[in-house]
Amino acid sequence: MTQAQNTPVPVGPTTTSQDALAATLAALLPLGGGMLIMLGYVWIGVFGAILGVAGAVGWAFWWRNKRKAFFPEDLRGGSVGGIGALVAVIGLLLFISI
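In what follows, the accompanying structure is described.

About the thresholds
- Residues numbered from 1 in each chain as written.
- Predicted model: local features only at pLDDT ≥ 70, side-chain atom pairs only at ≥ 80, totals over all residues.
- Heavy atoms only, no water.
- Helix = DSSP H or I, 4+ residues; strand = E, 2+ residues; numbered from the N terminus.
- Expected span 1.5 Å × (residues − 1).
- Buried < 20%, exposed > 50% of the residue type's maximum accessible area, 1.4 Å probe, protein only.
- Arc of directions from axis to C-beta.
- Contact = heavy atoms within 4.5 Å.
- Phe/Tyr/Trp six-rings, centres within 6.5 Å; stacked < 30°, edge-to-face > 60°.

Helix length check: helix H4 (residues 77–97), at 21 residues, gives a terminal C-alpha distance of 30 Å against a target of 30 Å (1.5 Å per residue), a fit within 8%. Listing the buried residues of H4 in full gives Ser79, Val80, Ile83, Val87, Ile90, Gly91 and Leu94. The arc that holds the buried residues of H4, viewed along the axis, is 115°, so those residues lie on one side. Away from its buried face, by an angle of more than 90 degrees, H4 presents the exposed residues Gly78, Leu92, Phe95 and Ile96. Buried-residue contacts for H4 involve helix H2 (16–43) and helix H3 (46–67).

Spelled out as structure tokens, the structure:
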């Protein structure tokens, strides 16, 4: 076996901005899902929490099907900003409801 066969193939260049976007997304998705569950519980009760779980799982499936991965290599700032705006709206609704 030669040295060329043993060397790993680089997946692709990652930049600091892509890493920052992935870290932001990794923080926003569970935060938004949890706040969605809490919002459902505050508004309706236990049934609302169950609906919140269904909404959070649906949101995760939608994101995965649209991007073909939870953390794609070509994240855009607009899509992460949209998730951030959605989480901010959910947080505002939760703050107003409590």
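Picking up after the structure, the text goes on.
Here the focus is the packing of aromatic side chains. By the definition in use, this model includes 1 aromatic pair. Look at Trp62 and Trp63: their rings are 6.4 Å apart centre to centre, the planes differ by 55°, and that puts the pair in the tilted class. Trp63 sits in the buried class, given a relative accessible area of 1%.

Here Lys68, not a glycine, exhibits a phi torsion of approximately 70°, which is positive. Here Lys68 shows up in the loop between H3 and H4.

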